[in-house]
Amino acid sequence: MSPIEPEGIRRQSTTRRRRTVRLRTLLIWLAVVPTVAMGTQVAVTAERLLAQSQKLRSDVAAAEQVGAPLYTLMVDMQAERTATAARWTGTDGSEGELRVRREATDLAAAEFRRLADDPSRSFVEVTRQLEKLAEYRQRADTRSGAADSTLAYYSEVIGKVIQVYQQEFSHAEDAELAQASRPVVSMLQATEMVAREDTVLALAGPSGELTFAGYDQFVSALGAQRYLHEALIVPHLTARDQRFYERVVGSSDWQTKTRIESAVLSGHKDIVSGIRLPADVGGWSSAHANFSVQMTTLNIDLARSVLARGEAKAAELQTEVAWLIGGSAGGLLAVVVVVVFTTRSVLRRLHDLHVRTVTVAEETLPDVVARLRRGQTVDPEALPAVSGDRDEVGRISDAFARAVAVSVDGHRELAAERHGFGLFASGIASRTGNLVSRQLSLTEDLQDTFGHDEALLAELMRADQLTVGMRRQIENLLILAGGEVPDPHTEPMRVADLLREAAAEVEDFRRIERQALDETSVEPAAISQISHLLAELLDNATRFSPPKSKVVIRAELVTDGLSVEIEDRGPRVSPERYEEMNGRLHEAPPYSVLAQNAHRLGLFVVGHLADQLRATVTLRRSVYGGTSAVVILPRQLLVATDAHAPREIEPQARVLELLPAPSRVTAPAAAPVPSLPAVREPEPAPEPEPVVHTSAGLPSRRTKAPAAVPAPAAVPALAVRPALPERVPQTHIAEQLREPRAQETVVRPDTATPEEVADAWADYEQGTQTVEEELRRDQP
């Protein structure tokens, strides 16, 4: 079989494909990332709020546990400081008062030490200062050192207590609580300033004299407490606390305090050692004892208010955390629902678009292309239309619809060009077929005229055979142009006769050995197509196998229909080439492939005919090393043979039937010529006369009106020649090629010289050798 050059091996792309992320994954990540970020932020916020709430509750618990003993310790330390100052100056009854105050301070200090056991807080500094209390008490009792240094110790301890309040219970992380706790600390500081005034006045003693340093301490304490009351306490009190504060400052005791402070500032007398206090400062002690109790009550109310706000704020923070977690969970759930719905909606639309695209690409578009190739119209409703949607999926759908429209328009133009090319090729085939018909007629006339010349008759038969091959090539052009080979047969034909007819189309028909049974026939409508298909395969087998080798064609019934096998002794072909050729046989190639393989069109014609017949043609390696072509014809093309029906043999096949075997062609001219049995023609044609062979081994042609021809002296036995079988013109020619033949006015004789014929034959042999060398190079 003739190997076909491959279209070209597609090179595999060496570029690595980048891993793409699925759209579903992108959409999920698009929702997961903000959701996780939102969840993380909620968790951090909730943790911070819970920590703040826990801190508030811890502060409230610490204030309730330690705040009261700490405040009592501060008040007792202030009273002990005043009693120590009075004892230092020798005031009457001060010793007993000091003993009582020291006992109260010791109880408060012990209670504070018992409760303030948290090392993480600032209670440790107060405890460390309390450890020095015994030392300074001893100094006060022995009056060692200056009174100011001893009293400064008490002031330092009280300052540490106020600092504990300021650090532990001010709630600086919460603005509202910090604003509420500010009057409490300021009130403690103002109370300390008043207590210092009381200590300075007690230090004056019975003499009523103060040093300049003592006077400066009094003035500084007075200015500080007035500033604290006016700037930091009164503006930040609530309405309820404001009313209570106004009652305190409006009392007679507070008025006495204010009057004495003014008298000390303006009514003192300067002396050498310092100043002398006015005489009316004696009412300070009783007034201070009364309004200090009221101020203590106000301080306690303010502290309790702050603690209550802290507890409420802690509960509010917990409620806020609960709402935050609940709202965030609801928001996250809503986000998940929206994401799932959106993702499903987008993916569903994309899936529908994918299904429509695949349907158009695999079903609609191939059907449209096939209809256009067949010259049929296309329904525009079958193609996707542009919807004009503005979203992304709609724009993709519209873009695909435009691409399909452009593709269909291109195929429509290509189909129109192909149809025009088919008409052009059909016209060329028609004109060439007319010339071939004239050539066959001319050959018949020459055979009738010069039938007595055996050598010339043999050459004329060879020319006749070549002309038949030309007609087959013209029909190949018609088939490749998209046309069909019409079948003039009206009756079924036996398979044996079909094989004989196909072999008659081949130039080197003498090498073909046929093996077929007569119990199966072929439908009339498929005879010409099957004959043409087998003739192409036989011609390919004879041309690409050794000149003296046999080509066997056998036919037999199989499960799927009729199997026709053609086996030659040609060169070996690689498995890859068989796979390539079978691919072209099982699928009709486009014109682009035909253009690239214009010098080898036999298998393309076979593929077209097999596609029209719904037959399968498979090439494989023969057991003899050559190629075996297996043709499976479907059962729909077969009919049972009538045993009593006459055998109809086409004229060209009849010539093949009557020709002698190759061994007889080389027989000498004087060899006896046996008579052949008569061949039955279809009714009402009469049976043919017995055919007598010439000395060259060829059958003699039977003329329409046999005439007596003088026999040459050298061959007396052939005085009367029986006529050759008569050819019926245009029996096998395609319908498109059947045109009225123009009347030939002048018969132009062949002017080729014997040298030119010899040169043509040498060119033919050289071409055959070139093809064989190409085949050898193609072998693996």
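Calculation rules
- Residues numbered from 1 in each chain as written.
- Predicted model: local features only at pLDDT ≥ 70, side-chain atom pairs only at ≥ 80, totals over all residues.
- Heavy atoms only, no water.
- Pairing = 2+ DSSP bridges.
- Helix = DSSP H or I, 4+ residues; strand = E, 2+ residues; numbered from the N terminus.
- Contact = heavy atoms within 4.5 Å.
- Axes fitted to C-alpha atoms, helices over the stretch in contact; angles between N-to-C directions.
- Core = buried A, V, L, I, M, F, W, Y, C linked by side-chain atoms within 4.5 Å.
- Buried < 20%, exposed > 50% of the residue type's maximum accessible area, 1.4 Å probe, protein only.
- Patch = residues over 30% accessible without salt bridge, like charges linked within 9 Å, V, L, I, M, F, W, Y side chains within 5 Å.
- Areas by Shrake-Rupley, 256 points an atom, 1.4 Å probe, with all protein chains shown as cover.
- Salt bridge = Lys/Arg side-chain N within 4 Å of Asp/Glu carboxyl O.
- Lys, Arg positive; Asp, Glu negative; His and termini not counted.
- Charge placed at Lys NZ, Arg CZ, Asp CG, Glu CD.
- Expected span 1.5 Å × (residues − 1).
- Bend = angle between axes of the 7 residues up to and from the residue.
- Parallel < 35°, antiparallel > 145°, perpendicular 65-115°, else oblique.
- Nonpolar A, V, L, I, M, F, W, Y, C, P; charged D, E, K, R; others polar.
- Phe/Tyr/Trp six-rings, centres within 6.5 Å; stacked < 30°, edge-to-face > 60°.

Caption draft 1: Molecular detail of the sheet that holds strand β3 (residues 274-276). With antiparallel pairing, three strands are arranged side by side in an open sheet as β1-β3-β2. Each end of this open sheet is capped by a strand with a single partner; those strands are β1 (209-211) and β2 (269-270). Sheet analysis places β2 next to β3, joined by two bridges and oriented antiparallel. For Asp-270, the partnering residue across the bridge sits in β3 and is Ile-275. Contacting β1 and β3, helix α7 (residues 212-233) crosses the sheet at an angle of about 90° to β1.

Caption draft 2: Main features of the pairing of strand β9 (residues 616-621). When β9 meets strand β10 (residues 627-634), the two strands line up antiparallel, connected through six bridges. Bridge pairing links Val-617 to Val-631 in β10. From the end of β9 to the start of β10, which pair antiparallel, there are five residues, and Gly-625 there has a positive phi angle of about 95°.

Caption draft 3: Looking closely at the nonpolar core. Judged by nonpolar contacts, the single largest core of 44 residues is most densely connected at Ile-530, Leu-533, Leu-534, Leu-538 and Ile-566. Here Leu-538 is in contact with Ala-502, Ala-503, Val-506, Ile-512, Val-551, Ile-553 and Ile-566, once residues within four sequence places are set aside. Formed by 26 residues, the second largest nonpolar core is a distinct cluster that contains Leu-73, Met-77, Leu-115 and Tyr-165.

Caption draft 4: Here's a closer look at a positive patch on the surface. A grouping of Arg-22, Arg-24, Arg-344 and Arg-348 is seen on the molecular surface, where their side chains present a positively charged patch. Locating Arg-344 in the fold gives a position in helix α10 (residues 284-373). When its relative accessible area of 58% is taken as the criterion, Arg-344 is described as exposed.

Caption draft 5: Helix α1 (residues 23-89), seen in detail. In a regular helix each residue adds 1.5 Å, so 67 residues correspond to 99 Å; α1 covers 93 Å between its end C-alpha atoms and thus fits that length. Along α1, the largest kink reaches about 40° and is centred on Val-66; proline Pro-69 follows within four residues of it. The first or second residue beyond α1 is Gly-90, which carries a positive phi of 80°.

Caption draft 6: View of the pairing of strand β8 (residues 561-567). The buried count for β8 comes to seven of seven residues, which makes it a mostly enclosed element. Across seven bridges, the pairing between strand β7 (residues 551-558) and β8 is antiparallel. Across the sheet, Glu-556 pairs through a bridge with Ser-563, a residue of β8. A loop of two residues connects β7 with β8, the two strands running antiparallel in sequence. Pairing between β8 and β10: seven bridges, direction antiparallel. The partner of Glu-567 across the bridge, within β10, is Ser-628.

Caption draft 7: Region of the structure containing the pattern of salt bridges. On inspection of all chains with the given rule, the structure shows 24 salt bridges. The shortest N-O distance in the salt bridge between Arg-114 and Glu-111 comes to 2.4 Å. With a gap of three residues between them, Arg-114 and Glu-111 both fall in helix α2 (residues 94-115), about one helical turn apart. Close ionic contact of Arg-554 with Glu-567 constitutes a salt bridge, the shortest N to O distance being 3.9 Å. Remark: Glu-567 occurs in strand β8 and Arg-554 occurs in strand β7; sequence separation between them is 13 residues. With relative accessibility at 23%, the residue Arg-554 sits in the partly exposed group.

Caption draft 8: The packing of α1 against helix α4 (residues 133-142), seen in detail. α4 packs onto α1 with a crossing angle of 25° between their chain directions and a minimal axis gap of 10 Å. The orientation of α1 with respect to α4, classified from their angle, is roughly parallel. Seen from α1, the contacting residues are Met-77, Glu-80, Thr-84 and Trp-88; seen from α4, they are Leu-133, Arg-137, Arg-139 and Ala-140. Residues of the contact of α1 with α4, tallied by class, amount to four nonpolar, one polar and three charged.

Caption draft 9: Representation of the packing of aromatic side chains in the model. Using the criterion set out here, one finds four aromatic pairs in the structure. Centroid distance Tyr-136 to Tyr-153: 4.2 Å. Interplanar angle 5°. Geometry classified as stacked. One end of the pair, Tyr-136, is in helix α4; the other, Tyr-153, is in helix α5 (residues 147-168), with 17 residues separating them in the sequence. Each member of the pair, Tyr-136 together with Tyr-153, is buried. Ring centres of Trp-254 and Phe-291 lie 5.2 Å apart, and the angle between their planes is 80°; this geometry places the pair in the edge-to-face category. Of the two residues, Trp-254 is situated in helix α9 (residues 252-266) and Phe-291 in helix α10; the sequence distance between them amounts to 37 residues. By the burial criterion, Trp-254 is buried, and Phe-291 matches it. Put simply, the rings of Tyr-136, Tyr-153 and Tyr-154 pair up and form one aromatic cluster.

Caption draft 10: Structural context of the environment of Pro-278. Checked against the element boundaries, Pro-278 lands in the loop between β3 and α10. According to the relative accessible area criterion, Pro-278 is buried, its value standing at 14%. Measuring from C-alpha to C-alpha, the distance between Pro-278 and Ser-266 comes to 9.2 Å, with twelve residues separating the pair along the chain.

Caption draft 11: Geometry of the environment of Leu-324. Take Leu-324: it is sitting in helix α10. With a relative accessible area of 24%, Leu-324 lands in the partly exposed category. Separated by 278 residues in the primary sequence, Leu-324 and Ala-46 place their C-alpha atoms 7.2 Å from one another. Dropping the residues within four chain positions of it, Leu-324 is found in contact with Val-42, Thr-45, Ala-46 and Leu-49.

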